[in-house]
Amino acid sequence: MVPAPAVKLWFVREVLPLEAALMRYLRSSYRNAGEAADLRQDIYAEVIASAQEQIPNTAKPFVFAIAHHIMVDRVRRERVVPMDTIADVEKLGLASESPPPDRIVIARDELRHLRAAIEQLPPRCREIVVMARIEGLPGREIATRLNLTDATVSYHLKKGMQLLVDVLYGSVPLSEAPE
Amino acid sequence: MTRVGENETNAAGSIGDQAAEWLLRRETPEWLERDQAALEAWLNESPQHLAAYWRLEAGWGRTERLAALKPGRMQRVQTASRKMSWPGLRFVAAASVVIAVALGGWYGWSTREVEYATTIGQRAKILLADGSRIQLNTNSAISVNFGIWKRTVSLKRGEAFFDVQHDAARPFSVLAAGHRITDLGTKFAVRTSNDRLEVTLVEGRARLETASPLVQHHATDLVPGEVAVATPSTIAVTKQPIPSLANTLAWRQGQLVFNHTTLAEATVEFNRYNQTKLVVAPAIADLTVSGVFDAAALTHSPTWQGSPLSFAWKSKDMTY
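Residues numbered from 1 in each chain as written. Chains lettered and ligands numbered in written order. Predicted model: local features only at pLDDT ≥ 70, side-chain atom pairs only at ≥ 80, totals over all residues.

Draft legend 1. Looking closely at the overall build of chain A. Within chain A, the regular secondary structure consists of 8 helices and 0 strands. For chain A, the N- to C-terminal ordering of α and β elements is α-α-α-α-α-α-α-α. Burial analysis of chain A (179 residues in total) assigns 39% to the buried set. Long-range pairs, those at least 24 residues apart, make up 65% of the contacts in chain A between residues at least 6 apart in sequence. (Helix = DSSP H or I, 4+ residues; strand = E, 2+ residues; numbered from the N terminus. Buried ≥ 20, exposed ≤ 12 C-beta atoms within 10 Å, placed from the backbone. Contact = placed C-beta atoms within 7 Å.)

Shown next, in the form of structure tokens:
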């Protein structure tokens, strides 16, 4: 059993950066693109469960193999999509070593990316996220200022958090961010 | 694990919502130890929970850092109520402790640098203008640089404990051994020796980043109980049980706690606090010692000043 902090560190550093590529793969293969986020959740859970036994040497082939397996499994159950719609994992060219992206460029882009993502949030959601995240106001204070219930503030924060994280990890391309 | 049909969306959606709920609750001041235990229990229920929580936590953490680095830019709401406390630094120190204070000049228009240092065997408590507290261990030095937009403390040598007043608009960072620890509302200890850095997180959250090109992935978030050891080429994070965490921090009371520690290791620890240096004969270096010791015991107790052998005998008595 690998200790949880080690699994977490590996997951955050090695797996999450693959999310944009993983989502492209899921969307290209699985017709029901709306369920890609659920697939992603199942794939991550399986990836973590396996990593708790042993952390693989290279994350990318490991994650995509699990993704492929889970998609095939779903297709079998649902009998909706023909099997051949699943892109062959071997054809993704995972074995070839692609150069790691320039992290400095990513850091610079990330700020621009995040600002654009915040701009795209629904107005009320954006207002609350900015108050909480940038002003550092507690939820109760936001509720008082905007004359909303704590539950409403919490709802918008939870939604905003998930939308921002989707954009940050490239699950949702900026232009496609919902609402 | 794979569920079919409409429930899927609901199931994944609700796990995401639950994870978001936990994250938000953890940022509130009402967050207690039992809440932390409840969160850990929830996380351990299923890798589904771990997946959703770790992903949101990492992503949400990135949004905090970015926002904190650029206050004013994305702001759409008035911030008139936020105080800009001027860094009129003051400090409280134990009367016996001599602190070397060097006032730096003005840096730009908003910062000034103040240095604090202890010599071997000394400890010091420092209260900063923002209410944050720093405790310096033996033979340690820091410089404090407070600006309007950020607070920076450099640990130049030794070990320090930080109890930080969190302010998202004015992040608090500790620079040490080429790494940066950024407070996200936190109590933590930092120790450097040569180019090795050890960060022990006691409360809240902190992010450890390294500028080293040798470490491929250079940021990690620490949660309470985690100890990060960083060298120029690696960062390793381990979980320390709370009792051993308390031992790590016993220096704040002037104590050293050993638990089956070899004489070789114990000697290194004692020598940090004392001008008189112990030497351990190789033959007995592997003997272990357990117990709570006064860090300055060597100067106070003659029994500790004898040959390495008497040190060993004494230690052996305490072990068994």
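Picking up after the structure, the text goes on.
Draft legend 2. The overall build of chain B, seen in detail. Of the regular secondary structure elements, chain B holds 7 helices and 15 strands. Residue pairs in contact within chain B that sit at least 24 positions apart in sequence constitute 47% of those at least 6 positions apart.

Draft legend 3. Representation of helix α3 (residues 36-53) of chain A in the model. Compared with an ideal rise of 1.5 Å per residue, which puts 18 residues at 26 Å, α3(A) spans 26 Å between its outermost C-alpha atoms and is within 8% of the ideal. Burial of α3(A) is extensive: 13 of the 18 residues sit out of reach of the surface. (Expected span 1.5 Å × (residues − 1).)

Draft legend 4. Region of interest: the confidence of the model for chain A. Scored by pLDDT, chain A has a mean of 78; 73% of the residues are at 70 or more. Low pLDDT, under 50, characterises residues 95-105 of chain A; the predicted model gives this stretch 1 contact beyond four residues in sequence or across chains. (pLDDT = per-residue confidence, 0-100.)

Draft legend 5. Representation of the environment of F11(A). Inspection of the secondary structure assignment puts F11(A) in helix α1 (residues 4-15). Residues in contact with F11(A), not counting those within four places in the same chain, are L16(A), I48(A), A51(A) and W54(B).

Draft legend 6. Spotlight on the packing of helix α7 (residues 139-146) of chain A against helix α8 (residues 150-168) of chain A. Residues and elements named next belong to chain A. Running from N to C, α7 and α8 cross one another at 110 degrees; their axes reach a closest spacing of 9 Å. Between α7 and α8, the interaxial angle falls into the category roughly perpendicular. The two elements α7 and α8 cross, and the hand of that crossing is right-handed. Touching G139, R140, I142 and A143 of α7 are D150, V153, S154 and L157, all from α8. A per-class count over the contact of α7 with α8 returns 4 nonpolar, 2 polar and 2 charged. (Axes fitted to C-alpha atoms, helices over the stretch in contact; angles between N-to-C directions. Parallel < 35°, antiparallel > 145°, perpendicular 65-115°, else oblique. Left-handed = near helix turned anticlockwise from the far one by under 90°. Nonpolar A, V, L, I, M, F, W, Y, C, P; charged D, E, K, R; others polar.)

Draft legend 7. Structural context of the nonpolar core. Counting 94 residues, the largest nonpolar core has I48(A), A67(A), F188(B), V190(B) and V199(B) as the members making the most contacts within it. Leave out the neighbours within four places in its chain, and I48(A) touches V7(A), F11(A), P47(B), L50(B) and A51(B). Counting 11 residues, the second largest nonpolar core, distinct from the first, contains F258(B), V280(B), V289(B) and F293(B). (Core = buried A, V, L, I, M, F, W, Y, C linked by C-beta atoms within 7 Å.)

Draft legend 8. Representation of the environment of G139(A) within the structure. Residues and elements named next belong to chain A. With respect to the helices and strands, G139 occurs in helix α7. Distance from G139 to L157, taken between C-alpha atoms, is 8.9 Å for residues 18 residues apart in sequence. Beyond its immediate stretch of four places on either side in the chain, G139 contacts A132, D150, V153, S154 and L157.

Draft legend 9. Looking closely at the confidence of the model for chain B. All names here are of chain B. Averaged over all residues, the pLDDT of chain B equals 70, while 70% of them reach at least 70. Ignoring residues within four places in sequence, the model shows residues 1-11, a span with pLDDT below 50, making 16 contacts including any to other chains. Counted against residues more than four places away or in other chains, residues 68-111, with its pLDDT under 50, gives 70 contacts. Overall fold confidence for the complex sits at a pTM of 0.48, while the interface term, ipTM, reaches 0.84.

Draft legend 10. Up close: the packing of helix α6 (residues 123-133) of chain A against α8(A). All names here are of chain A. Interhelical geometry of α6 versus α8 gives an angle of 90 degrees and a closest axis separation of 9 Å. Put simply, α6 runs roughly perpendicular to α8. Within the contact between the two elements, α6 uses R124, C125, I128, V129 and A132 and α8 uses V153, H156, L157, K159 and G160. Of the residues that constitute the contact of α6 with α8, the class distribution is 6 nonpolar, 2 polar and 2 charged.

Draft legend 11. Local environment of the environment of A6(A). Within the secondary structure, A6(A) is located in helix α1. Counting along the chain gives 46 residues from A6(A) to Q52(A), while the straight-line C-alpha distance between them is 8.9 Å.

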